[in-house]
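Survey of secondary and tertiary structure
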Amino acid sequence: MIAKSENITPIALALCKKKVIFVSYIGMYCKFTISLLCLSMLWSCSEPLQLDYSDDAELLLECELSTSRRIEARLMSLGNFNDITSGEYIEDAIIDLGTNTDLALRFQYDSRNKVYFIPVESHMVNPAYIYTIKAYRFKNDPHALEAVTTIPSGHKIVVTSKPVVKDVLNAKSGTRKEINLKLALPDVEKKNGFFRLKAYRKLFEKQNVNGNIVYVHKGAVEPREFGGNDQEPLAFHLSAVDGDILFDVNRVDKRNFDLRFYTLGKVEEGDHFEAIYYVLEGLSEATYRYNVSKSKQINAEVFGNSDPVISYKNMINGYGFLGGSSAVRDSILFQ
Amino acid sequence: MDNIISLGEGEVLSLEDGDNWQKRIPRGTGKSYGAETTFNLTGKTINFEFNATYGNATRQFEDLNNGKPYLYKYDRTFMTNTALSLKLGGKSEMNVFFTYQKGSSTSIPTGGIFEREENGQKYLYPVFEGKNNFRFPDFIRLDAGFTFVGTNKIGAHKIFIGIYNILNRKNPVYLDISRNNFNLNVYEVSKVSIFPVLPSISYTLIIGK
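Residues numbered from 1 in each chain as written. Chains lettered and ligands numbered in written order. Predicted model: local features only at pLDDT ≥ 70, side-chain atom pairs only at ≥ 80, totals over all residues. Heavy atoms only, no water.

Assigned secondary structure in chain A consists of three helices and 19 strands. Within chain A, the proportion of its 335 residues that are buried is 42%. Carbon and sulfur atoms make up 54% of the accessible area of chain A, which totals about 18800 Å². (Helix = DSSP H or I, 4+ residues; strand = E, 2+ residues; numbered from the N terminus. Buried < 20%, exposed > 50% of the residue type's maximum accessible area, 1.4 Å probe, protein only. Areas by Shrake-Rupley, 256 points an atom, 1.4 Å probe, with all protein chains shown as cover.)

Here is the structure:
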């Protein structure tokens, strides 16, 4: 083996020497050409791409028909791609709301809040109707915005087992109370699985009044901090718009699913009584998807380089949505 | 295809999720189908090959694109490759290659929704009408070259002189969506391409027989 290596070494050295000689003989012109060729391989080219966008401003209409709130609609023009700030509120449009019984209501404009509205005394949203909205800027407008929705029914939450309350340590806020709830929405039909949950807190103080133990409400109402669901976290979305929880109950077991909330403070000896007050709104799919996409858009601004958020729309000839919601208020009390 | 994963819209994975981070990755389904065909002609002086592919690839995620199916970003729908090799005498050969591919897809915004106004500053977010709602321009490229072959005592020598992308077509590799440097309210979409018309030369030495 050693003898073989000794034989190879002089040949290899000779080849190396030849290479060195060859390289040194390359003229300056040749070197320049090779360098230029190498550089041209790395050359990239950037040029504007012509996109065909309509010069007419597209309109966006947002309207959520709620059984518990005044009927309101927001109409604006969309910012053009070449000047996204060009979007503005449209104040001179005509917006009509119709139902399958041909009841047509015209919105009025509230210039202070820049919203269109139907006075409460005129009409309350009725889950039995199918609603149609139409917004246009002049009579026989061929580009009138139009959408249809139904109003889902409201549901009460059923607590399936006793809530578990314990102290947990959090890096940001120190020790806090964690409340684990096991809940159910058993009567929900598959097509109506979309909900918005607003949970808040009231604390009660145990007092002895003339020998009787009573619980007296103390302090201000504060929102519950949502802790999510471990089984299917993507089924629940904490809205960046208003802190509500948007969820699709069809993605979890609707007869038994977990929800976790946090509150400030520890579990204390005198803390005998607590309540989670909630407003649960059954949402139409349009309301759910529009609000989730809007919330994700706001989050995207915070996160920066994330995948783009696709805007939801069910409006014909424009953007935005017409959706419905039905609210149910109740509380979960536990000791 | 089941249990396909993708990046979530408008969010990033956080270490705060702990062991639960895997459940925060959107899961969905995909469909792909297509057909391929090849035509080959071989003669004494000519070698011709043509192949064409038609395909369609879509994805559907509950958490992406509002639950609607969308085109997969590498869906090219239609592509063809044509290669011609022509012998010009005993020691030289001409090669021509042509490819046409339908552009792949990407998402681009179509406008901005006014969200709020604070201290005279407008806050907006861009509107994306659909995931992968925009097709890149078609990818077209023509290459040609000559190969000269010779032999001597050392071995076989092969010199290739060719031109890559003769049409000098600026096929975009990716789109750059950014704000104008002078007016931040204006979005600009630029297509970025590499490898314009590119002459090439290569020498191959095969030592021995």
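Within the open sheet, the four strands sit side by side as 5-4-8-9 (chain A). Their pairing is antiparallel. Every interior strand has two partners, whereas the edge strands, strand 5 (105–106) and strand 9 (145–150) of chain A, have only one. (Pairing = 2+ DSSP bridges.)

Our focus in this paragraph is the environment of E146 of chain A. Residues and elements named next belong to chain A. The residue E146 is located in strand 9 in this model. The exposure class of E146 is partly exposed, given its relative accessible area of 31%. Separated by 176 residues in the primary sequence, E146 and L322 have C-alpha atoms spaced 8.7 Å apart. Apart from residues lying up to four places away in sequence, E146 is in contact with T132, I133, K134, N314, M315 and I316. (Contact = heavy atoms within 4.5 Å.)

Take the packing of aromatic side chains next. Residue and element names in this part refer to chain A. Under the criterion given, the structure shown has 16 aromatic pairs over all chains. Between Y129 and Y131, the ring centres sit 6.0 Å apart and the planes meet at 65°, which makes this aromatic pair edge-to-face. Residue classification places Y129 among the partly exposed residues on the basis of a relative accessible area of 23%. Judged by its relative accessible area of 0%, Y131 falls in the buried class. A ring pair is formed by Y200 and Y277, whose centres lie 5.9 Å apart and whose planes are at 20°; its orientation type is stacked. Taken together, the positions of Y200 in strand 12 (residues 194–209) and Y277 in strand 18 (residues 274–283) put the pair 77 residues apart, joining distant regions of the chain. Clustering of aromatic rings is evident, with ring pairs tying together F195, F226, F236, F247, F257 and F261. The ring of F117 has R70 lying over it, and the distance from NZ or CZ to the ring centre is 4.2 Å. A cation over an aromatic ring shows up here: K313 above the ring of Y319, its NZ or CZ 4.9 Å from the ring centre. (Phe/Tyr/Trp six-rings, centres within 6.5 Å; stacked < 30°, edge-to-face > 60°. Lys NZ or Arg CZ within 6 Å of the ring centre and 35° of its normal.)

All names here are of chain B. Taken together, the side chains of L88, F146, F148, I154, I159, I161, I201, Y203, L205 and I207 present a nonpolar region at the surface, about 960 Å² in accessible area. When contributions to the nonpolar patch are tallied by element, the ones reaching two or more residues are strand 11 (139–151), strand 12 (155–164) and strand 15 (198–207). The biggest single contributor to the nonpolar patch is strand 15, with four residues. Along the chain, the position of I161 falls in strand 12. (Patch = residues over 30% accessible without salt bridge, like charges linked within 9 Å, V, L, I, M, F, W, Y side chains within 5 Å. Salt bridge = Lys/Arg side-chain N within 4 Å of Asp/Glu carboxyl O.)

When a strand is regular, its side chains alternate between the sheet's two faces. Residue and element names in this part refer to chain B. Pairing between strand 6 (residues 92–101) and strand 11: ten bridges, direction antiparallel. Following the sheet pairing, Y100 is matched in strand 11 by I140. Where strand 11 and strand 12 come together, eight bridges link them in antiparallel fashion. Paired with G145 across the strands is G162, a residue of strand 12.

So, about the interface of chain A and chain B. Facing the 52 residues of chain A at the interface are 54 residues of chain B. Counting every contact that joins chain A to chain B gives four salt bridges. Residue E232 of chain A is joined to R27 of chain B by a salt bridge in which the shortest nitrogen-to-oxygen separation is 3.5 Å. Connecting chain A to chain B are twelve residue pairs in polar contact (both at pLDDT 80 or more). Secondary structure elements with two or more residues in the side of chain A that touches chain B: helix 2 (28–41), strand 1 (44–48), strand 3 (71–77) and helix 3 (285–303) of chain A. Sort the elements by how many residues they give to the side of chain A that touches chain B and helix 3 of chain A lands first, with ten residues. Residue classes in the side of chain A that touches chain B are distributed as 24 nonpolar, 14 polar and 14 charged. (Polar contact = N/O pair within 3.5 Å; in protein donor to acceptor, adjacent residues only side chain to side chain. Nonpolar A, V, L, I, M, F, W, Y, C, P; charged D, E, K, R; others polar.)

So, on to the side chain of T99 of chain A. The residue T99 of chain A is located in strand 4 (residues 94–99) in this model. T99 of chain A gets classed as buried once you look at its relative accessible area, which sits at 7%.

This brings us to unusual backbone geometry. Residue and element names in this part refer to chain A. Of note, N140 is a non-glycine position whose phi angle comes to about 60°, a positive value. Examined against the element boundaries, N140 turns out to sit in the loop between strand 8 (130–136) and strand 9. Accessibility expressed as a relative area gives 71% for N140, which makes it exposed.

Turning next to the pattern of salt bridges. Residues and elements named next belong to chain A. For the structure on display, the rule yields 23 salt bridges over all chains. For the salt bridge of R255 with D253, the shortest nitrogen-to-oxygen distance reads 3.8 Å. Judged by relative accessible area, D253 falls into the partly exposed class, the value being 39%. Linked through salt bridges whose partners overlap, the residues forming this network are E64, R69, R196 and E281.

What is shown is where atoms sit, not what they do.
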